[in-house]
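Structural overview
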Amino acid sequence: MSKQENEKNPKLGNYVTYGMTFGLLAGALLSIVGTMIENLFIQIAGPAIGLSFGTVIGALVYSFGSRNR
């Protein structure tokens, strides 16, 4: 049987992009918390930490989702 052409095929780039976007949002919130407690390292590293975790989580969600097909 051949694959249907209308079937949606999610791409890794979409998942990583969404992960990066929400990771940067979480990183910005972490940076705000760092500002409240006056911790310079958290202020600076918050967006980078959020970006890296978001990228990894997006890739993991893609890999778990594509494994079930």
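Check the entry above for the structure.
In short, a report on the structure. Model, not experiment: these values are computed from the prediction.

Observations regarding the packing of aromatic side chains
Overall, the coordinates contain one aromatic pair when judged by the stated rule. Centre to centre, the rings of Tyr15 and Tyr62 are 5.6 Å apart; their planes meet at 55°, and the pair counts as tilted. Here Tyr62 lies in helix α2 (residues 40–67) and Tyr15 lies in helix α1 (residues 12–36), a separation of 47 residues in the sequence. Since its relative accessible area comes to 29%, Tyr15 is described here as partly exposed.

A look at unusual backbone geometry
The backbone phi angle of Glu38 is positive, close to 55°, even though this residue is not glycine. Structurally, Glu38 can be placed in the loop between α1 and α2.

So, the packing of α1 against α2
Running from amino to carboxyl end, α1 crosses α2 at an angle of 155°, the nearest separation of the two axes being 6 Å. By the angle between their directions, the pair α1 and α2 is classed as roughly antiparallel. For α1 against α2, the interelement crossing comes out right-handed. Of α2, the residues touching α1 (which contributes Leu12, Tyr15, Val16, Gly19, Met20, Gly23, Leu24, Gly27, Leu30, Ser31, Gly34 and Thr35) are Ile42, Gln43, Gly46, Pro47, Gly50, Leu51, Gly54, Thr55, Gly58, Ala59, Val61 and Tyr62. Tallied by class, the residues present in the contact of α1 with α2 amount to twelve nonpolar, twelve polar and no charged.

What counts and how
Residues numbered from 1 in each chain as written. Predicted model: local features only at pLDDT ≥ 70, side-chain atom pairs only at ≥ 80, totals over all residues. Heavy atoms only, no water. Phe/Tyr/Trp six-rings, centres within 6.5 Å; stacked < 30°, edge-to-face > 60°. Helix = DSSP H or I, 4+ residues; strand = E, 2+ residues; numbered from the N terminus. Buried < 20%, exposed > 50% of the residue type's maximum accessible area, 1.4 Å probe, protein only. Axes fitted to C-alpha atoms, helices over the stretch in contact; angles between N-to-C directions. Parallel < 35°, antiparallel > 145°, perpendicular 65-115°, else oblique. Left-handed = near helix turned anticlockwise from the far one by under 90°. Contact = heavy atoms within 4.5 Å. Nonpolar A, V, L, I, M, F, W, Y, C, P; charged D, E, K, R; others polar.

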